[in-house]
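In case you want the letters, here they are:
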Amino acid sequence: MARATTTSDTFNAVAEPRRREILSYLAGAERPVGEIVAALGLPQPSISKHLRVLHDVGLVRMRCRGRQKLYQTNAEAIRPLHTWAGTFERYWQHQLHRVKELAEATVRQGLTDSNSPTPNLKEKR
């Protein structure tokens, strides 16, 4: 089966790391292209290409203010990505609970060890 192009599929569009960087940067506020270029340190043509892909799949919105193009994330278009990733949350939660249990057990063990008498190292010589 042929793979969907990045310009028609949200998941393929965000598969590219630079596009995820751009989305993360735009999550904070609407920004002009020049600011995105400066913040991410990528060439302007590269940023414009990625923004075009993100715009074509609906992940970002663009508006013009004079000659300046301003971009912002489109939360509604990102929702399917969030929903899909949420199907795996139970695995992450399980891991977080396990880490918490191990940390608590370590603290309890440390308290138990600190309550026991400390051997006198000089006596063992």
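Model, not experiment: these values are computed from the prediction.

**Thoughts on the sheet that holds strand E2 (residues 60-65)**
Then, number 1: With respect to topology, 3 strands assemble into an open sheet ordered E1-E3-E2, the strand pairing being antiparallel. The sheet terminates laterally at strand E1 (31-32) and E2, the two strands that pair on one side only.
Then, number 2: The pairing of E1 with strand E3 (residues 68-73) spans 2 bridges and is antiparallel. In the strand pairing of E3, Pro 32 is matched with Leu 70.

**Some remarks on the pairing of E3**
Then, number 1: Relative to E3, E2 runs antiparallel, the two being bridged by 6 bridges. Looking at E3, one finds that Cys 64 is bridged to Lys 69.
Then, number 2: Two successive antiparallel strands, E2 and E3, enclose a turn made up of 2 residues, where Gly 66 displays a positive phi of approximately 70 degrees.

**Regarding the packing of helix H2 (residues 17-26) against helix H4 (residues 44-56)**
The relative placement of two packed helices is expressed as an angle between their axes plus a distance between the axes.
Then, number 1: Running from N to C, H2 and H4 cross one another at 80 degrees; their axes reach a closest spacing of 10 Å. When the axes of H2 and H4 are compared, the pair comes out roughly perpendicular. When H2 is examined against H4, the residues Arg 18, Arg 19, Ile 22, Leu 23 and Leu 26 are found in contact with a partner set consisting of Ile 47, His 50, Leu 51, Val 53 and Leu 54.
Then, number 2: A class-by-class count of the residues in the contact of H2 with H4 yields 7 nonpolar, 1 polar and 2 charged.

**Focus on the side chain of Arg 31**
Then, number 1: Along the chain, Arg 31 turns up in strand E1.
Then, number 2: A polar contact is formed between the side chain of Arg 31 and the side chain of Glu 35, at a distance of 2.8 Å.
Then, number 3: Aside from chain neighbours lying at most four places away, what touches Arg 31 is Tyr 25, Leu 26, Ile 36, Lys 69, Leu 70 and Tyr 71.

About the thresholds
Sequence positions are assigned chain by chain, starting from 1 and proceeding in written order. Predicted model: local features are reported for residues with pLDDT of at least 70 only, side-chain atom pairs are reported and counted for 80 or more only, and whole-chain, interface and lining totals are derived from all residues. The basis for every side-chain value is the complete set of heavy atoms in the structure, and neither hydrogens nor water enter the calculation. Each pair of strands is called paired provided DSSP finds at least two bridges between the two strands. Secondary structure counts use DSSP, requiring at least four H or I residues in a row for a helix and at least two E residues in a row for a strand, with both numbered from the N terminus. Here an angle of 0 to 180 degrees is reported between the N-to-C directions of two axes, which are lines fitted to C-alpha atoms, with helices fitted over the stretch in contact. What sets the label is the angle itself: under 35 degrees gives roughly parallel, over 145 gives roughly antiparallel, 65 to 115 gives roughly perpendicular, and the rest give oblique. Contact between two residues is taken to exist if any of their heavy atoms lie within 4.5 Å; hydrogens are not considered. Under the grouping applied here, Gly and all other residues not named as nonpolar or charged are polar, the nonpolar ones being Ala, Val, Leu, Ile, Met, Phe, Trp, Tyr, Cys and Pro and the charged ones Asp, Glu, Lys and Arg. Whenever a nitrogen or oxygen atom comes within 3.5 Å of another N or O atom, the pair is scored as a polar contact, on the condition that within protein one atom can donate a hydrogen and the other can accept it, and that pairs from neighbouring residues in sequence are kept only if both atoms are in side chains.

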